[in-house]
Amino acid sequence: MPVLFHLADLHIGAPYDSLPPEAACVCRASQLAALEHAVDRANDLNAAVLLIPGDLFDTPDPPLTLFSQVMSLLARAHCPVLIAPGNHDYLHPQSPYRIAPMPQGIHVFSGTTLEPFPLEDGHTVVWGAAFHGVSARIPLDARLDRTKCNLLCVHAELYDDNGYNPLLPNDIGATGFDYAAFGHNHTFSGVKRENDTFYACTGCFVGRGAHEAGPRGYLSGTVDKGVAELAFVPAGGVEFETITQDISAIMDDRTLGRTLAARIPHAHDRMCLTVELTGERRYDPDFAGLKRALGQVCVHAALRDRTVMVRDPWRYLAEDGLRGAITRRFRKAWEEANESERPTRLLSLQYALAALDGEDTPL
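Parameters and conventions
- Residues numbered from 1 in each chain as written.
- Predicted model: local features only at pLDDT ≥ 70, side-chain atom pairs only at ≥ 80, totals over all residues.
- Heavy atoms only, no water.
- Core = buried A, V, L, I, M, F, W, Y, C linked by side-chain atoms within 4.5 Å.
- Buried < 20%, exposed > 50% of the residue type's maximum accessible area, 1.4 Å probe, protein only.
- Helix = DSSP H or I, 4+ residues; strand = E, 2+ residues; numbered from the N terminus.
- Pairing = 2+ DSSP bridges.
- Disulfide = S-S within 2.5 Å.
- Salt bridge = Lys/Arg side-chain N within 4 Å of Asp/Glu carboxyl O.
- Axes fitted to C-alpha atoms, helices over the stretch in contact; angles between N-to-C directions.
- Contact = heavy atoms within 4.5 Å.
- Phe/Tyr/Trp six-rings, centres within 6.5 Å; stacked < 30°, edge-to-face > 60°.
- Lys NZ or Arg CZ within 6 Å of the ring centre and 35° of its normal.

1. Focus: the nonpolar core
- Counting residues in hydrophobic clusters, the biggest one holds 47 residues, and the most contacted among them are Leu56 and Leu74.
- Elements with a minimum of two residues in this core: β1 (3-6), α1 (21-44), β2 (49-52), α2 (64-74), β3 (81-83) and β4 (106-108).
- Of all hydrophobic cores here, the second largest spans 22 residues; its members include Tyr90, Ala129, Leu167 and Ile172.

Here you go:
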């Protein structure tokens, strides 16, 4: 059975414009390093083909120096590298896919309908097509030789229709392909099966922001008729992670630092980390110092303060007026209540004061 590598949505050259320039530069470099590592792993496993179903680049016009650098990396593969341009790196008359020198062993599908690429094993055929603009509808009616292992490599939007070659499970199951390698959706779909067709969308290769958190990667393994033994492999690029920490029970910066340090992932040196602090704070944290400390161990660190300063529920006890009268009334009820009833009495007071202060709920 042939070993294949399925990479998609690498978005090489992405701007990472939510990050400072230095961190964005680190992220773009990690894209290239992760691709290099994937090619080396494909060679170690004697892969028969490397499939890239779209959005290898973040733009249809990447700088030619970057394009050449990526092609040089892919040319190190000991197997064919098949690219099906997607909605971000679509083919157009001046596309570098058309005008730049293409190393031997790299094939770019250029038609808007499926075309075959037979592998050297004589048993496997890869079919692919290209986007010629930001949207496409690629028919999947290929004349398949059912005695062979037929693979599909195409950019496609699964389960939705925004114009990016939309496909539903029934569409996929009716094609007759043995495995369909998709790109476009940035969340890993898992390896699924519809009728006799296995298929997957790998998700993006390396995250581009906090909305693409967690490990990202690709698929590798063996595929044949009726068999798809594929494993998800983390790409090893920069990852985005968000930690939410309730600081209601934390009384000082030292405790806060220790608490967060215990939760920071081990791969913090390639992490863009966002820390969200929530709850009622009982002191004023050194937010600037905390952000500096996180920035020293991560590629980039962002800090979001979602806390509120704790307020004494009896703050109006000695005041004249409505707030004072209500507070004294609830205080009397609280003092007369047993231990199990007191939290409810206190919460009722907090809601009453919130209503007087124009708040939907107590801060």
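2. Here we look at the pairing of strand β7 (residues 149-158)
- Burial of β7 is extensive: 10 of the 10 residues sit out of reach of the surface.
- Side chains of β7 alternate between two faces, with Cys149, Leu151, Cys153, His155 and Glu157 and Asn150, Leu152, Val154, Ala156 and Leu158 buried alike.
- Pairing of strand β6 (residues 124-128) with β7 involves five bridges; the strand directions are parallel. Bridging from a neighbouring strand, Gly128 pairs with Cys153 of β7.

3. Side note on the state of the cysteines
- Summed over the entire model, instances satisfying the criterion amount to zero disulfides.
- Between Cys27, a cysteine without a disulfide, and Cys272, which holds the nearest cysteine sulfur, the sulfur-to-sulfur distance is 4.0 Å.
- Between Cys153, a free cysteine, and Cys201, which holds the nearest cysteine sulfur, the sulfur-to-sulfur gap is 12 Å.

4. Observations regarding the pattern of salt bridges
- Here the structure, examined in full by the defined rule, presents 16 salt bridges.
- A salt bridge links Asp196 to Arg193, with the nearest nitrogen and oxygen atoms 3.7 Å apart.
- Classification of Asp196 as exposed rests on a relative accessible area of 56%.
- Residues Arg342 and Glu339 are paired through a salt bridge, measuring 3.6 Å at the closest nitrogen-oxygen approach.
- Residue Glu339 is classed as exposed on the basis of its relative accessible area, which comes to 61%.
- Look at the salt bridges and you will find they share partners, linking Glu36, Asp40 and Arg76 into a network.

5. Notes on the sheet that holds strand β14 (residues 239-246)
- An order of β14-β15-β17 is seen for the three strands of this open sheet, with the pairing classed as parallel. On the outer flanks of this sheet lie β14 and β17 (300-305), each paired with one strand and no other. With direction set aside, neighbouring strand axes in the sheet form an average angle of 15°.
- Judged from the eight bridges that link them, β14 and strand β15 (residues 271-278) form a sheet pairing that is parallel. Across the sheet, the residue bridging to Ile243 is Val275, located in β15.
- Each of β14 and β15 is contacted by helix α5 (residues 253-261), which is oriented at about 135° to β14, the strand it contacts most.

6. As for the packing of aromatic side chains
- Under the criterion given, the structure shown has nine aromatic pairs.
- Positioned over the ring face of Tyr316 is Arg323, at 5.9 Å from the centre of the ring.
- In this arrangement the basic side chain of Arg342 is found over the ring face of Trp334, its NZ or CZ atom lying 4.0 Å from the centre.

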